[in-house]
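# Survey of secondary and tertiary structure
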Amino acid sequence: MSNLNSSVRSKCRKLFVAAIDFGTTYSGYAFSSTSDWSKVLTSNWTGGKVVTLKTPTALLLDADQTFKAFGYEAEDQYIDLARDEEHEDYYFFHRFKMILHSEKVISRKTKLKDASGKEMEAIKVFKISIKFLVGDLMKTLRNSYPDIKESDVEYVITVPAIWDDRSKQFMREAAREAGIERSSLTIALEPEAASIHCQYLPAKDLNLSRSKYLGELAVGSKYLVADLGGGTADITVHHKIDDGSLEEMREASGGPWGGKSVDDEFEKYIEEIIGEESMKELKKSSFDDYLELMRNFELKKRSAKPGKEGNTHLSVPLGLVQIVKRDKSRKSLEKAIEMSPHAGKVTFENWKLKWKNEDFLRFFESTIKKIKEHLRGILYDSDMVAVETILMVGGFAECEVVQKAVREGFKMKRVVVPDDAGISVLKGAVYFGHIPDAISRRTARYTYGIQSWPEFNPTKHPESKKVEVNGRARCKDVFFKYITKGQHLTAGYEKSQIFQALNPKEKKLECAIYISDSKDPKYVDDPGCHRLGVLVIPLPDLPDGASIELEESMIFGETELRLQAKDIFSGKSYEVQLDLLAEPSTDDE
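Now for a quick tour of the structure. Remember, it's a predicted structure, so these values are computed and weren't measured experimentally.

## Quick look at the overall build of the protein
- Per the secondary structure count, the protein includes 15 helices and 34 strands.
- Its C-alpha atoms give the protein principal-axis dimensions of about 85 × 60 × 55 Å.
- Across the 589 residues that make up the protein, the buried fraction comes to 53%.
- Summarising the internal contacts of the protein: among those between residues at least 6 apart in sequence, 69% fall at separations of at least 24.
- Surface summary for the protein: the accessible area is close to 27600 Å², and the carbon and sulfur share equals 46%.
- Measuring between centres, the 87 positive side-chain charges of the protein sit 3 Å from its 94 negative side-chain charges.

## Thoughts on the packing of helix α4 (residues 122-144) against helix α5 (residues 165-177)
- The contact between α4 and α5 brings their axes to 8 Å, and the two run at 55°. In terms of their interaxial angle, α4 and α5 are classed as oblique. The interaxial crossing formed by α4 with α5 has right-handed handedness. For the pair α4 and α5, the contacting residues are Ala-122, Ile-123, Phe-126, Lys-127 and Ile-130 in the first and Phe-170, Met-171, Glu-173, Ala-174, Ala-175 and Glu-177 in the second.
- Its residues assigned to classes, the contact of α4 with α5 comprises eight nonpolar, no polar and three charged.

## Looking at the state of the cysteines
- Following the criterion strictly, the structure yields zero disulfides and no others.
- Looking at the unpaired Cys-198, the closest cysteine sulfur is the one in Cys-399, lying at 18 Å.
- Judged by its relative accessible area of 0%, Cys-198 is buried.

## Comments concerning a nonpolar patch on the surface
- A cluster of nonpolar side chains, namely Ile-498, Ile-568 and Phe-569, defines an oily patch on the protein surface of about 320 Å² accessible area.
- If you trace the backbone, Phe-569 turns up in the loop between β32 (562-567) and β33 (573-574).

## Thoughts on helix α10 (residues 318-325)
- Every buried residue belonging to α10 is among Gly-319, Leu-320, Val-321, Ile-323 and Val-324, and all of these are buried.
- At its buried positions, α10 is contacted by α7 (259-274), α8 (276-285), α9 (287-303), α11 (333-339) and β18 (346-349).

## Regarding the pairing of strand β31 (residues 548-556)
- Where burial is concerned, most of β31 is hidden: seven out of the nine residues are buried.
- Between β31 and β32, which pair antiparallel one after the other, the connecting turn spans five residues, and Gly-557 there sits at a positive phi close to 85°.

Cut-offs applied
- Here the residue numbering is sequential within each chain, running from 1 through the sequence in written order.
- Confidence filtering applies because this is a predicted model: local features only for residues at pLDDT of at least 70, side-chain atom pairs given and counted only at 80 or more, and all residues used for totals across whole chains, interfaces and linings.
- Hydrogen atoms and water are omitted, and side-chain values are computed over all heavy atoms in the structure.
- Per the convention used, a helix needs a DSSP run of H or I reaching at least four residues, while a strand needs a run of E reaching at least two, with both numbered from the N terminus.
- Relative accessibility under 20% of the residue-type maximum defines a buried residue, over 50% an exposed one, and the middle range a partly exposed one, all with a 1.4 Å probe and only protein chains included.
- In this description, contact between two residues means that some pair of their heavy atoms is separated by no more than 4.5 Å.
- Surface exposure here means Shrake-Rupley accessible area, sampled with a 1.4 Å probe, where a residue is shielded only by the protein chains that are shown.
- Note on charges: Lys and Arg go in the positive column, Asp and Glu in the negative column, and His and the chain ends are not counted at all.
- For the purpose of locating charges, the reference atoms are NZ of Lys, CZ of Arg, CG of Asp and CD of Glu.
- Every axis corresponds to a line fitted to the C-alpha atoms, with the helix fit spanning only the stretch in contact, and the corresponding angles, defined between N-to-C directions, vary from 0 to 180 degrees.
- Orientation is classified from the angle alone, with under 35 degrees giving roughly parallel, over 145 giving roughly antiparallel, 65 to 115 giving roughly perpendicular, and any other angle giving oblique.
- Handedness of a crossing follows from how the near helix is turned relative to the far one, being left-handed for an anticlockwise turn of less than a right angle and right-handed for a clockwise one.
- In this classification, Asp, Glu, Lys and Arg are treated as charged, Ala, Val, Leu, Ile, Met, Phe, Trp, Tyr, Cys and Pro as nonpolar, and every other residue, Gly included, as polar.
- The rule for a disulfide is simple: a pair of cysteine sulfur atoms within 2.5 Å.
- Within the patch definition used here, like charges are joined within 9 Å and nonpolar side chains (Val, Leu, Ile, Met, Phe, Trp, Tyr) within 5 Å, considering only residues with over 30% relative accessible area and no salt bridge.
- Counted as salt bridges are all cases of a side-chain nitrogen of Lys or Arg within 4 Å of a carboxyl oxygen of Asp or Glu.
- One requirement defines pairing of two strands: DSSP has to find at least two bridges between them.

Spelled out as structure tokens, the structure:
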């Protein structure tokens, strides 16, 4: 990629760009200097005898909620504490990122449960985790650059493109509490980052496999990006336009179909063998054995190969066997298997569960089916007929079972899986910090607007919406649309509205922002509409009889929604706050 450095200069004004990929299953960081931005260095983590580029997303805190360890170290310490029966006062969180996708409404009060069921505010768990990753990053940088300061680094944090505005603000606020200045943080969308990375992969070998190298894309090329991570499948379609940048052709979509959903299938399977109560006991009183069981499954999941004959063997921890032995109805793991719906498909021999390979691969079926169905819904759309390539990235995309299923399901498409698919998002996020204009247009995931109160029109408005305001008939709850779901937006696309403060005693102007899954909502209480948050503009003291008119602008087409306001007469800018993380009222849900 050295040829890129001579043609594309970093737009970052700091010495380094560092990206943090805070994943569901694994997390890590990478960085590069502005002077040699294509040379990306990644973190290295040691787990047992293995060195990896990411570490498990696991956090261990002591009884007063202060930091003890993160990653492999957190898992190992907690296992030791559990084996010594000294773990109950500690907090152990793992794979907790999915709460930002699965929770209906996220707020600062949202709680996470640790391995033993103890609750803690989610934002504090995220803050401590990010703080550790930033600290480890700075330690790594200072090994080579002893005088470097945190203010010399521009940070990029990756989030799934299918996250809503609340979840993005949650991550930004957690990063700010971890010590990252607002002005020093950029949010990158994961499939975009991977797409940027694969644009700039070096062709070290002219005969490089077409299945591993996206290649130098011609202007007009269209391809689907499937970011298959630990928690989610995050899917979008990109189009290379005349200036060499990328535009998003379709709003990001997807669901909870990452590698964790295969783990969930396995956990459900084990529960169907040993019973719900025994599974609860395994997690509560033998969590070290539960963690060992899931670690063992993770290794088998990663090494699974489609079409391979033979058997898969999975070691079973002693604690699980003992729990089943105490179950008066099952008495042993062998008997539990015979009594379960899985009799004849799995056996227990020499402290190992044994499946035929074809039966083991069934753990993947449900997840792969959902991914393929979703891809089909996109690729068979009449607007997507020119999409000839599927780019698969993310840790779960490295799984050969998934790769084979996608290739067989879409034989007319070219399927590309880069060698470093698991860190494409991380490296691409570093690139994005240097070249933020690499994505020039995005597609709106929702319809955005505000609540308005126009004059009541009996031919247009229902009688139930009629209200009297200052002696005039008005229609309440009308959705005044700013942008439409699916609308293509250039970065920085601005929509403005004039607001007037007539009461000199007013200290602030408030305006509720609404979003909708519909392209043309009529009212803010229509199905699929909900209040995103309340825009608050602080006002100066006004003399009696004075008024102020403000132009409020919402800025779209970037990775986050931005807002600004200014006095249309004086041109003075005002601070704008859109708090999406306040405790929701019943109207918001």
